[in-house]
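Structure at a glance
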Amino acid sequence: MTELVIPARLNGPPTSANGGVSAGLLAGHLPSGATVEVTLRRPPPLDTPMRVDLDAWAARLFDGADLVAEARVVDGAAAGAAVPAVNLDAALVASGDFDGHTDHPFPTCFVCGTARAAGDGLEVFAGPVGGDRHHVAAPLAVKPIHQPPFLPAGDVLGWAALDCPSGWACGLPGRPAVLGRLTARISRVPLPGETCVVVGQLDRWESRKAFSRSTLYGPDGTEYARAASTWIEIPR
């Protein structure tokens, strides 16, 4: 049996963990380099010892008897097609028009929260590219505080960076939503001192579910990671 505790500072909504962080921590128990699909069954609690049950190609996270999330190795194509890259200058312009500066459902989110102290989160503020609010981009300036022990080791930084931009591409101010599933392939984790660019794009809404994709690019335009996401609309 393996135990997992997600520190309170790594929240998404105020009382539960960030979805990308949770997914990355659970996926970290599976083979490195694999494409992993993580489905969140309930909001992951903070500062709570949870049990991880493992087999060769799957991991399940439990809070007592309650299934919180499950991860499984899948075919690489499940991470979706890459969202086309934009350059850093365009990402900076887009970030300045981030919708979350004026209407944020979870302003203390570790990844995209605008109400956190400077340097206390990833500060990934994905705004519209060329005015298209379903195609968003943001810089990710990687700092030592984004490394262990503040953020767990492994691919968690990549998973976290891919999470929120895929949500903002869905139009969160008009239709607040939470992450339901994230399928990611992490090829490389950003290093301290690098400024990367993360982009997100909406594919479609189906009733209360939105399907989107995100891609993380390194400073030279090399793809570091990509993901396909499912978001679930919640009451405002």
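Residues numbered from 1 in each chain as written. Predicted model: local features only at pLDDT ≥ 70, side-chain atom pairs only at ≥ 80, totals over all residues. Heavy atoms only, no water.

So, the overall build of the protein chain
When helices and strands are tallied, the protein chain shows three helices and 11 strands. Listed by position from the N terminus, the elements making up the protein chain come as β-α-β-β-β-β-α-β-β-α-β-β-β-β. For 236 residues, the compact-globule estimate of 2.2 N^0.38 gives 18 Å, and the C-alpha radius of gyration of the protein chain, at 16 Å, lies within 12% of that figure. Each principal axis of the C-alpha atoms in the protein chain carries an extent, and together these give about 50 × 40 × 35 Å. Per-residue burial for the protein chain yields a buried fraction of 54% across its 236 residues. Looking at the protein chain alone, contacts between residues at least 24 apart form 69% of all its contacts between residues at least 6 apart. (Helix = DSSP H or I, 4+ residues; strand = E, 2+ residues; numbered from the N terminus. Rg over C-alpha atoms; globule rule 2.2 N^0.38 Å. Buried < 20%, exposed > 50% of the residue type's maximum accessible area, 1.4 Å probe, protein only. Contact = heavy atoms within 4.5 Å.)

Concerning the packing of aromatic side chains
A complete count under the given rule lists three aromatic pairs for this structure. Residues Phe 98 and Phe 125 carry aromatic rings whose centres are separated by 5.2 Å and whose planes lie at 20° to one another, so their mutual orientation is stacked. Placement of Phe 98 in the loop between α2 (88-95) and β6 (127-129) and of Phe 125 in the loop between α2 and β6 is noted, with a sequence separation of 27 residues between them. Given a relative accessible area of 2%, Phe 98 falls into the buried group. With relative accessibility at 15%, the residue Phe 125 sits in the buried group. Taken together, the aromatic side chains of Phe 98, Phe 125 and Trp 168 make up a single cluster linked through ring pairs. Arg 9 extends its terminal NZ or CZ atom over the ring of Phe 150, reaching a point 4.9 Å from the ring centre. Directly above the aromatic system of Trp 205 lies the positively charged group of Arg 175, at a separation of 3.7 Å from the ring centroid. (Phe/Tyr/Trp six-rings, centres within 6.5 Å; stacked < 30°, edge-to-face > 60°. Lys NZ or Arg CZ within 6 Å of the ring centre and 35° of its normal.)

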